[in-house]
Amino acid sequence: MRLLKYMMFFLGIVGISHAQQVKVTGIVTDEQKMPLPGVNIIIKGTTTGTQTDFDGNYSLLTNVGSTLEFNYVGYETEEVTIEVSSTVVNVEMKISKAELEEVVITAYGAKRRSRSVSSSVVSTDRSRRRSRKQKLNGKVAGVSVSNTNGSNSNNTKRIRGNSSISNTKQPLYIIDGIAIDKKDVAKVKTIDPKKISNVEVLKNQNATSIYGAKARHGCIVITTHKGNYKVKNHASYIENESYKEIEENKFERVQFSPLSTFSIDVDKASYSNIRRMINNGIKVPADAVKIEEMINYFDYQYEQPKDDHPFAIHTEYGNTPWNPETKLVKIGLKGKEIPQNEIPPSNLVFLLDVSGSMSDSNKLPLLKKAFKLLTNQLREKDKVSIVVYAGAAGVVLKPTSGANRNEINRALQNLNAGGSTAGGEGIELAYKIAKEHFIKNGNNRVILATDGDFNVGMSSDKDMEQLIEEKRKSGVFLTCLGFGMGNYKDSKLETLADKGNGNHAYIDTMQEAQRVLGKEFGGTLYTIAKDVKIQVEFNPGKVQAYRLIGYENRLLADEDFVDDTKDAGELGSGHTVTALYEVIPVGVKSEYLNDISGLKYTTSKINKEFGDELLTVKFRYKKPQENKSIEMIHVLETKNEKVASQDFNFAASIAWFGMKLRNSKFLKNESLKDVITLAEANKENDNQGYKAEFVRLVNSYQGL
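For clarity, every value in this text was computed on a predicted model and none was experimentally measured. (Residues numbered from 1 in each chain as written. Predicted model: local features only at pLDDT ≥ 70, side-chain atom pairs only at ≥ 80, totals over all residues. Heavy atoms only, no water.)

### Considering unusual backbone geometry
Note the cut-off: Strands here are runs of E lasting at least two residues and helices are runs of H or I lasting at least four, both read from the DSSP assignment and numbered beginning at the N terminus. Exposure categories follow from relative accessible area, calculated using a 1.4 Å probe and restricted to protein chains: below 20% of the type maximum is buried, above 50% is exposed, and the middle band is partly exposed.
Phi at Asn501 takes a positive value of approximately 50°, unusual for a residue other than glycine. Position of Asn501 relative to the elements: it lies in the loop between helix H11 (490-499) and strand S25 (502-507). Of note in this structure, Asp531 is not a glycine but carries a positive phi near 50°. Residue position: Asp531 is located in strand S26 (residues 527-538). By relative accessible area, which is 7% here, Asp531 ends up buried.

Structure representation (structure tokens):
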């Protein structure tokens, strides 16, 4: 009887609210009229809301007179007041001029604009003590929450009642922003209703437009009070992903190994991939953490070159924040920024994976939107070909001028996923077309977009390495763009990029696509120096031992430095590269250095002629169309130790966090709070908000 009263009371409330509700739809774009997917739209004063889909579209039920807040990282928050006369609300978001420490992804922003406009998500009332099962029953049309044994362990939820959906038409479950695999649905049904804050039901086109084909039978979006619910078998989301094994660099004694040699790395995939995992509540595998790619994800205030070299060199020396007994050396390169109109004509071949594994919404659908960003920046003198591969490879667009954007975009839009993955065959065909239409002294490049899950023909990392080493002799460069999760093959894409005169990025959102293919268009697609190598010689009179932080997969033999046949990394227009060395000064007793026996035949006499010199760093590079290296030399002296710059400290905070993720044995201080404090105090010059986002990411990791 009491339950019946609650239900009647609830239905009465719902009836009153429906009389005041209106459905609001629209599209959210940036100032260039490009759609923004993943924009958070919240009914102000509540936790109720939605997100835009990949085309920037949204739909929301709300009360007349309520205010909608539109939030997106890097943009000013927009506020819209709902009027009964308005049903279509299109919002244009502007890039925030304020630091993003004031823009919290979930709801708040540095600035708020108000304007009038005319929009349901279910929110449970935490102040009421009655069962969440009773509150969810009937609260959303078609959702049933039942208890078959009187406990909270057997709750079931269905769309349109228990009888209308069969086991073969299972709705998609999204819990706290994470799509739940079918095999884990049984675990979802054991959620204690007391933990549930909001439930939203999406049906038909509303579900598929946001979550793709997996939601064709509807979608139940559940938000818990804590917002971090995890299915116990959460590792399933990355169990089929592959990463190269990384063995952390150890300290080397200068007396026996004075040289450190490595290739530069401008890839940034590791950071965005780690961000994806942390945001989805997934434990980060140690081998997914490439500290150099985390550091190089961010911009630093390095001056551009002032001479004929394509990059400038910057060094700095200071204290190590995680170990008071060591010092930190920062080596930075800044590539010359080439205006887009001065970039030579481009011969681009889009090599796109359209196999069945690319059907998820964060794969091929996101890929197509991302490549439209690139297409919109092409010039008449540029030309694009599109090659696709699934069970076999084929050409879907012959070389087409960049002026014909509509034709290129139509070809992209018509792509659909299905079949197996013949990646090797696709690479062969893409390079064949690139070579046939090669532009002398131009920008010739294959742009591969895939999850890396090759399973037909050549598919192993070793096969791919041999194939791409042969193809790079053609003079065609390579860009690898990774998409998706669950079966993402980072190791394969890293191999292709490293051996194919290329770079590698991981695109998890349209925001990342805008960074890689929009903001950093020139650096991603135009190489200004190739085979860039670094060799550091430490002065044994000042440095007892050193270790390179990161770059484990980029180490070179010392003799490779002067060998022009040895491949190394490429530097793009405007790119920055930063490397950190942790050094143990002479006279410091360290637990990381074990005693060794004396040498019988070799003596080591320290040359004291070089006074304050700490190290000498040499750089070798080739111009993009040449095969002979040019060498540069830079000396760092201990007297250059000054108050650490913000760039120095922020890069150190990233390395610190990366070492924490890898469970590094070289961390004296493992406090994430100290990492946050250091990053927070040194994140100025953050126009795009990425540094503030890093601080939030570390905060999020603390809660995992």
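### A few points about the sheet that holds strand S4 (residues 57-63)
Quick reminder of the rule: Pairing between two strands is assigned when DSSP locates at least 2 bridges connecting them.
Across the sheet, three strands lie side by side as S4-S1-S7; this open sheet has mixed pairing. Looking along the sheet, the strands with just one partner apiece sit at the ends: S4 and strand S7 (91-92). Sheet analysis places strand S1 (residues 21-29) next to S7, joined by two bridges and oriented parallel. Opposite Thr29, over in S7, you have Glu92 as the bridge partner.

### Here's the deal with the packing of helix H5 (residues 269-279) against helix H16 (residues 690-702)
As a reminder, the rule being used: An axis is simply a line fitted to the C-alpha atoms; with a helix, the fit covers only the stretch in contact. Between two such axes, the angle follows the N-to-C directions and lies from 0 to 180 degrees. Any angle between 65 and 115 degrees counts as roughly perpendicular, while under 35 counts as roughly parallel, over 145 as roughly antiparallel, and the rest as oblique. Crossing handedness is defined as follows: a turn of the near helix away from the far one that is anticlockwise and smaller than a right angle gives a left-handed crossing, while the clockwise case is right-handed. Should any heavy atoms of two residues lie within 4.5 Å, those residues are counted as being in contact. When residues are grouped by polarity, Ala, Val, Leu, Ile, Met, Phe, Trp, Tyr, Cys and Pro land in nonpolar, Asp, Glu, Lys and Arg in charged, and all others, Gly among them, in polar.
Look at H5 against H16: their axes get within 10 Å of each other, and the N-to-C directions meet at 45°. One finds that H5 runs oblique with respect to H16. Where H5 crosses over H16, the two elements pack in a sense that is left-handed. Across the interface between the two elements, Tyr271, Arg275, Ile278 and Asn279 from H5 touch Tyr690, Glu693, Phe694, Leu697, Ser700 and Tyr701 from H16. When grouped by side-chain class, the residues that make up the contact of H5 with H16 number six nonpolar, two polar and two charged.

### What about the environment of Arg620?
The test is simple: Any pair of N or O atoms that falls within 3.5 Å is considered a polar contact. Within protein, one atom must be able to donate a hydrogen and the other to accept it, and sequence-neighbouring residues count only if both atoms are side-chain atoms.
Residue position: Arg620 is located in strand S30 (residues 613-622). For the pair formed by Arg620 and Gln535, sequence separation is 85 residues and the distance between their alpha carbons is 8.6 Å. The contact partners of Arg620, leaving out residues within four places of it in the chain, are Asp531, Val532, Lys533, Phe561, Val562, Asp564, Ser629, Ile630 and Glu631. Polar contacts involving the side chain of Arg620 include one to the side chain of Glu631, which spans 2.8 Å.

Interpretation note: all reported values are geometric properties and have no functional meaning in isolation.
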